[in-house]
Amino acid sequence: MKVNSIFCLVFMLSLCPFVSMSQTNSACRKSTEGTDFWFAFMESRNYHAAHYVEVTLTSPYTCNYEFRIGKSTGATISGTLFPDQPKQIRLDWKLVEATGSEGVQEKAIHLTSDSPMNVYALNFDNNSSDVALIFPTSALGKEYFAICYEPHIHETGQGGYGNGRNSEFLIVATEDSTKVTIVPSKVTDQLKPAKVPFQIKLNKGEVFQVQSMNKNNSNGQGDLSGSNILSNKPVAFFSGSLATTVPATSSVSAWDHLYEQIPPVQAWGNKFMAVPLKSRQRDTYRIFAAYDNTAVKVGNDTYYLLKSGDYKEFMLEYNDPRIVDSTRPILLVQYSNSQSVDAAFTGGNGDPFMIIVSPLNQTKQNVAFVAYNSNQITDRYFVNVIARDISTSFISLDQAPIQFTSLPNTGYSFAQIAISQGNHQLQTSMEDKGFIAYVYGFGGVESYGYGVGFNLDIQLDLGGNLNNDTLLICKGTEVRLEAGAYFDNYSWSTGDTIPFVTVSEERMYTVKATTIEGCIKSDSVYLMVSDPKIHLGDDTSSCGPGRIILDAGKQFKTYKWQDGSTMQTFAVNQTGDYSVTGITYFGCQASDTVHVDVFQVPEVKILGEPLHCGDFSANLKVEVTNADEKLWNYEGAAKWTSIPADGMQFENIKPDGVTLKANKPGLYTVNYELTTTDGCKVSDSFQVGFYEIPESTFDVISPESTDKCATYERIVKYTGKSGSGAKFTWDFGGLIVLDTIGPNNFKISIGANKPNRIIALVVEEHGCTSLQT
C-alpha cells in the first residue's frame, strides 16, 4: 500500500531577506509522462499460483507501444493504447521479477511509445500487493537513496518462505557500461559490509537487486534504508521490502510487499503536504535527507536535524494533515500500517504499502489512472488530491467538481475522495493550476497505493529557509553546498566548477548549473555562522549553599551540567568547578566552566533578658553554631549597634557576647553582625527594654468632722511617680468606694463592722511593677 505523507522540517531563521535565484527552463521539466521507460519488478512473495505482475498504460493520446525484456531487441509485446482508456498488460513474472541478492540478471523491461503515456506497475500476490508509478527514462538520475522498511522476519510460512523477508532495492541499467557504486546502510544478504562502498558494472537491460539478510536474530539483519547509489549513467531505481509489517514489531501481524520507484536526488523537494489515508486511524511517515545539516519541520511543533542518508520516522493521526518543510532537499514517504495496528478502527481492512510523497511544486494538469480490480478489495477505493487554495475550483474528477478542505494558514487544500474500481481521470481546466494525487485501496489484509499525478522536474536548491534562503552552520564547522550530480557544467561564485563546494565563511554563495540537454538552473544561499556563547561568570565565592544560581541562558534547546542535570539553571551548594554545555535548535554547541567556593556560614542567635526594671545594664550572649570557631572567634569579628543609637553603650564586646549600658530608659533594638574570616556575614536582632520602676505610694486621709464610732469616710490619694502609660490596680479590701474625686483619688466608706481592712495598689509600666499596701 502507498500513501502520500510529507514530513519535512523547516528551521525558520528569519535572518536575511535574500530571495532564491533558482531558475527553470523547459529542458529542466521532467514529467512522469514519457515515450521511453526502463523498469523491473523487485522480488515479492511469488510462491502462490495467483502471483502475477501487470503494467497499466494511460494517456490522453493514441499510443503505439512495444515491450522488450532484458537485452532483447525485438518486441515481446506490442499494441495500441487509446486516449483516456487505461490498458492493463500482464507479463511473465519469471522474466521480469528479480530474485535473490547481488547477482546480475537480464530482467529489465524496456517500454517505448510513439506518444507520451503514464505507466504503472503492479506486483500482485494474495494479501501482498503494491503498485509503483514508473518514471520515463528522461526523468532518471545518477544518485539515489534506498527507501525501504525494517524486515519483520517470519520463517515458518508456506513453502518455507514465511510471511516476512528482506528489505531490498533494485537497480535497472538503461545504457551499456554503467558503473554503479553502492554504499549499503546494513550488511547485505551476501555479506557486503555496511557503510563500505562496492562497485558493479551493468549493461543495458540488466538489473541488480540487493537484499538484507533474512534470518531471524541474524547480526546482519536490518533495514537498507539510506543506502546510497551513485552511477556514471542514468539508472532506474526501486526499493521497498519483499514483505514486512508496518511497524515491524513482534506484536504486529499482516505482512505486505512494498514497491516504489524512487525519485533521483535531483527531483527531491523542500515542501510537502502529508494527507492521511482515508479510513485509517493513523499513518507512518519517514523523512529522508540527501545532505548534511538538513533541518525539517513537521507542522508547527516537530523539528528534526538530519545528516546525509539519515531518516526519521513518525506517525500522524487520521485528522492531522500537515505541511512538511525543509532547509535542504528531502524525500517524504508515507506507509500504510498493518491491518492489526488499527483493525478496530478500519473494520479489519488494510495492510502495508508505501507511497512516495511528491513536493508541492511538482504538480500535474491531467492524468488518467486505474483503481485496480481485486477479489480482496470490493468497495474501498480512494484518491487523495492536493492543490493550492486558488486552484481547487478548476480541478475535476471524472468531469465532476471536487470538494476540497483547506488546511488553515498554509495556502493548500486537500480532498479524500471515495471512488469506484476502474478507470478515472483527474484534470484541471486552467494551465498552471495543477494538482498532486495518490490512489489507494483497502480490503481484508490487502491494500495498494501509488502516486498518479506529479512531475519530476530537475531541482537545484542549495538549501536554506524557504522564505529567505539562509543556511545556518555552527562556528568551527563547514557545510557542503550541493548543486547535484545530474548537471554537466557548474559555475560557482567561489570560482569552482565542480558539483559541490565546501564552505565555512559567512557570505552569499551562488551557482549556475547546466546540462548538455540545455537545462539551466541557478540558485543562491546566504551562509550564516552561528557562534552561541555561555557565560557563567567569573570565578567567585558564595557564603553558604544555594545562594548562587548559575544560568546558562535561554537560547539553547538542551543543557547538560557536570552532574548530568539538564535544566537551564544550577544552584551551587558546595565548593567546586561547575560546567555546562548547551546545544541550540540548530545543533550548535557552547560550553563554559566556573569555579565557586562555598564558605561556611555560622548560625547566630542572641540570648538574654528582654526587660530590665530599675537596672540600666545587661549582658547578652550569642549562640554561634554550624561553623568552626576559628572562622568567627577573633577580635573585631562582631559589630553591635542599636536603634535608637543614642542612649546605648556597648562594653566587653566579643563575638559571643556584649554588655549593654543604657543612658536613658526606653526600648532598644540591638543589632548584631558577625563577619567570618572568609568575609561572610551573618546577623541577628534582639529587643531589650530598660525602664524605671514606677512608684506605688498612696496616703489615706481623714476628712474633717468624721464620726469614727460608726460608719465613717476616708480619702485614698496616690502620691507616687509614674508615667502617663502606667496601669493602676487598686484593692480596697472589700471597702465601699463612695466616689472618685480625681485621678487615682477615691472616697471610701469604712464601717465599724469592717476592722483591719488592707488597701493595696499595684502600678505597672512597660512591664515593670511596684506594690504598696
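Because the structure is a prediction, the values reported are computed rather than measured. (Residues numbered from 1 in each chain as written. Predicted model: local features only at pLDDT ≥ 70, side-chain atom pairs only at ≥ 80, totals over all residues. Heavy atoms only, no water.)

Enquirer: Sorry if this is basic, but what is going on with the packing of aromatic side chains here?
Expert: Scanning all chains against the criterion turns up 30 aromatic pairs. Seen from their ring centres, Tyr285 and Phe314 are 5.6 Å apart, and the 15° between their planes marks the pair as stacked. Taken together, the residues Tyr285 in strand S17 (residues 282-289) and Phe314 in strand S20 (residues 311-317) connect sequence positions 29 residues apart. Accessibility assignment for this pair places Tyr285 and Phe314 in one class, buried. (Phe/Tyr/Trp six-rings, centres within 6.5 Å; stacked < 30°, edge-to-face > 60°. Helix = DSSP H or I, 4+ residues; strand = E, 2+ residues; numbered from the N terminus. Buried < 20%, exposed > 50% of the residue type's maximum accessible area, 1.4 Å probe, protein only.)

Enquirer: I keep staring at the sheet that holds strand S56 (residues 745-750) and nothing clicks. Help me out?
Expert: Neighbouring strands of a sheet are bound in pairs by backbone hydrogen bonds; such pairs are parallel or else antiparallel. The 4 strands are arranged S52-S53-S56-S55 in an open sheet whose pairing can be described as antiparallel. The open sheet has two edge strands, strand S52 (698-701) and strand S55 (736-742), and neither has a second partner. Mean inter-strand twist for the sheet, computed between neighbouring axes without regard to direction, equals 25°. When strand S53 (residues 712-718) meets S56, the two strands line up antiparallel, connected through 6 bridges. Bridging across to S56, Glu713 finds its partner in Ser749. (Pairing = 2+ DSSP bridges. Axes fitted to C-alpha atoms, helices over the stretch in contact; angles between N-to-C directions.)

Enquirer: Help me understand the nonpolar core, please; the structure alone is not making it clear to me.
Expert: Grouped together as the largest cluster of nonpolar side chains are 132 residues, with contacts concentrated most on Phe39 and Leu426. For this core, the element with the highest residue contribution is strand S7 (residues 109-124), accounting for 8 residues. When near neighbours in sequence (up to four residues on either side) are disregarded, Leu426 contacts Gln365, Asn366, Val367, Phe369, Val383, Val385, Ile395, Ser396, Leu397, Ile402, Phe435 and Ala437. Val601, Met648, Ala662 and Phe686 belong to the second-largest nonpolar core, a separate cluster that totals 25 residues. (Core = buried A, V, L, I, M, F, W, Y, C linked by side-chain atoms within 4.5 Å. Contact = heavy atoms within 4.5 Å.)

Enquirer: Explain the pairing of strand S43 (residues 589-599) here, please?
Expert: Successive side chains on a regular strand alternate, one facing one side of the sheet and the next facing the other. Residues of S43 alternate between two faces, with Ala590, Asp592, Val594, Val596 and Val598 buried on one and Gln589, Ser591, Thr593, His595, Asp597 and Phe599 left unburied on the opposite face. Sheet topology note: the strand S42 (residues 576-583)/S43 ladder contains 8 bridges and is antiparallel. Note that in S43 the partner of Asp577 across the bridge is His595.

Enquirer: I tried to follow the state of the cysteines on my own but got confused; where do I start?
Expert: Each disulfide consists of a covalent bond between the sulfur atoms of two cysteine residues. Inspection of the entire model under this criterion finds 4 disulfides. The disulfide bridge from Cys28 ends at Cys519, spanning 1.9 Å between sulfur atoms. Note on the Cys28 and Cys519 pair: the S-S dihedral is about 105°, so by sign convention the disulfide is right-handed. A residue pair is termed long-range when its members are at least 10 positions apart, and Cys28 in the segment before strand S1 (34-39) and Cys519 in the loop between strand S36 (507-514) and strand S37 (520-530) qualify at 491 residues. The residue that forms a disulfide with Cys474 is Cys588, at a sulfur-sulfur distance of 2.0 Å. Taking the sign of the S-S torsion, -95° for the link of Cys474 and Cys588, the bridge is left-handed. Of this pair, Cys474 sits in strand S32 (residues 470-474) while Cys588 sits in the loop between S42 and S43, and the two are 114 residues apart along the sequence. An identical accessibility class is assigned to Cys474 and Cys588; each is buried. (Disulfide = S-S within 2.5 Å.)

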